[in-house]
Amino acid sequence: MSPADAMQRLASSVRDELGFGEMLSGVFSLGGVPSNEYFIGETDNDRFSIHRNIRYRNSFLPVIKGKITPEFPGSLIEVTMRLNVFAALFMAFWLGVVGFMALTAVSSSGLTSKTAMPAGMFAFGALLLAAGFFPEAIKARNKLKSLLEAGSTEGARRPTVSR
């Protein structure tokens, strides 16, 4: 499909940021996300900056940035997913501090029950980060792929959504 068609498809499932009242009512509602509002963010000409529209809080929700460019016979869609800047800074600080503590404790007194605490905190932080980010990134990638799949155009190459 053409870049304009791809952007139109994507824009039809992207809404503006939620207002405070909408966020508050979404927390207390039992309903799911409307099917046509799967992403929140901005689309502009050939670029987009979005994240998934979820009814729960996840600080590790991927920020999705992309660009759609023409490529014969259709479009090339380049996508980058990353952590929110504040979540990335916090996790870098946490993992850096407890990693340094664990290395220092293990190198000075060996592997003991006292040195297991910082190592456990490091492992917990890494697991928390991975469990919060990667499943959400996979869900977003799959939704983007389904939104931007080319129709039944014979011989046309499907748009590429890269990690």
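Residues numbered from 1 in each chain as written. Predicted model: local features only at pLDDT ≥ 70, side-chain atom pairs only at ≥ 80, totals over all residues. Heavy atoms only, no water.

Chemist: Quick one: what's the story with the overall build of the chain, residue by residue and with numbers?
Modeler: When its secondary structure is counted, the chain shows four helices and five strands. Listing the helices and strands of the chain from first to last along the sequence gives α-β-α-β-β-β-β-α-α. The 163 residues of the chain split such that 33% are buried. Partitioning the intrachain contacts of the chain with sequence separation of at least 6 by distance along the chain shows that 56% fall at a separation of at least 24. (Helix = DSSP H or I, 4+ residues; strand = E, 2+ residues; numbered from the N terminus. Buried < 20%, exposed > 50% of the residue type's maximum accessible area, 1.4 Å probe, protein only. Contact = heavy atoms within 4.5 Å.)

Chemist: Which residues make up a negative patch on the surface, and what values go with them?
Modeler: On the surface, Asp-16, Glu-17, Glu-42, Asp-44 and Asp-46 cluster together to form a negatively charged patch. Checked against the element boundaries, Asp-44 lands in strand E2 (residues 39–44). (Patch = residues over 30% accessible without salt bridge, like charges linked within 9 Å, V, L, I, M, F, W, Y side chains within 5 Å. Areas by Shrake-Rupley, 256 points an atom, 1.4 Å probe, with all protein chains shown as cover. Salt bridge = Lys/Arg side-chain N within 4 Å of Asp/Glu carboxyl O. Lys, Arg positive; Asp, Glu negative; His and termini not counted. Charge placed at Lys NZ, Arg CZ, Asp CG, Glu CD.)

Chemist: Outline helix H4 (residues 113–148), supporting the account with residue identities and numerical values.
Modeler: Taking 1.5 Å of rise per residue, the 36 residues of H4 would be expected to cover 52 Å, and the 52 Å separating its terminal C-alpha atoms lies within 8% of that figure. If you check which residues of H4 are buried, you get Thr-115, Pro-118, Gly-125, Gly-132, Phe-133, Glu-136, Ala-137, Ala-140, Arg-141, Leu-144, Leu-147 and Leu-148. Contacts made by the buried residues of H4 are with helix H1 (3–11), E2, strand E3 (47–52), strand E4 (63–71), strand E5 (74–82) and helix H3 (85–109). (Expected span 1.5 Å × (residues − 1).)

Chemist: Give a detailed account of unusual backbone geometry, specifying residues and quantitative values.
Modeler: Leaving glycine out, the prevailing phi sign among residues is negative, and the prevailing peptide bond configuration is trans. Look at the link from Phe-72 to Pro-73: it is a cis peptide, with omega at 0°. You can see Pro-73 is positioned in the loop between E4 and E5. Positive phi values are uncommon outside glycine, yet Asn-45 reaches one of about 50°. By the secondary structure assignment, Asn-45 is in the loop between E2 and E3. Using a relative accessible area of 69% as the deciding quantity, one classes Asn-45 as exposed.

Chemist: Tell me what's going on with a nonpolar patch on the surface, and back it up with residues and numbers.
Modeler: A cluster of nonpolar residues, Val-85, Phe-86 and Leu-89, forms a patch on the protein surface that exposes about 350 Å² of accessible area. Relative to the assigned elements, Phe-86 resides in helix H3.

Chemist: How would you summarise the nonpolar core if you had to cite specific residues and measurements?
Modeler: Among the nonpolar cores identified, the biggest contains 16 residues, and Leu-10, Phe-39, Phe-48, Ile-50, Ile-64, Leu-144 and Leu-148 are the most heavily contacted of them. With four residues, the top contributor of residues to this core is H4. Not counting residues up to four positions away in its chain, the partners in contact with Leu-10 are Thr-43, Phe-48, Ile-50, Leu-144, Leu-147 and Leu-148. Within the second largest apolar cluster, nine residues are counted, among which are Ala-87, Trp-94, Val-98 and Phe-133. (Core = buried A, V, L, I, M, F, W, Y, C linked by side-chain atoms within 4.5 Å.)

Chemist: Any details on the packing of H1 against H4? Residues and values, ideally.
Modeler: Viewed as axis vectors pointing N to C, H1 and H4 meet at an angle of 130°, and their least axial separation amounts to 9 Å. Viewed along their axes, H1 and H4 adopt a mutual orientation that is oblique. The element H1 and its partner H4 pack so that their crossing is right-handed. Seen from H1, the contacting residues are Ala-6, Arg-9 and Leu-10; seen from H4, they are Leu-144, Leu-147 and Leu-148. A per-class count over the contact of H1 with H4 returns five nonpolar, no polar and one charged. (Axes fitted to C-alpha atoms, helices over the stretch in contact; angles between N-to-C directions. Parallel < 35°, antiparallel > 145°, perpendicular 65-115°, else oblique. Left-handed = near helix turned anticlockwise from the far one by under 90°. Nonpolar A, V, L, I, M, F, W, Y, C, P; charged D, E, K, R; others polar.)

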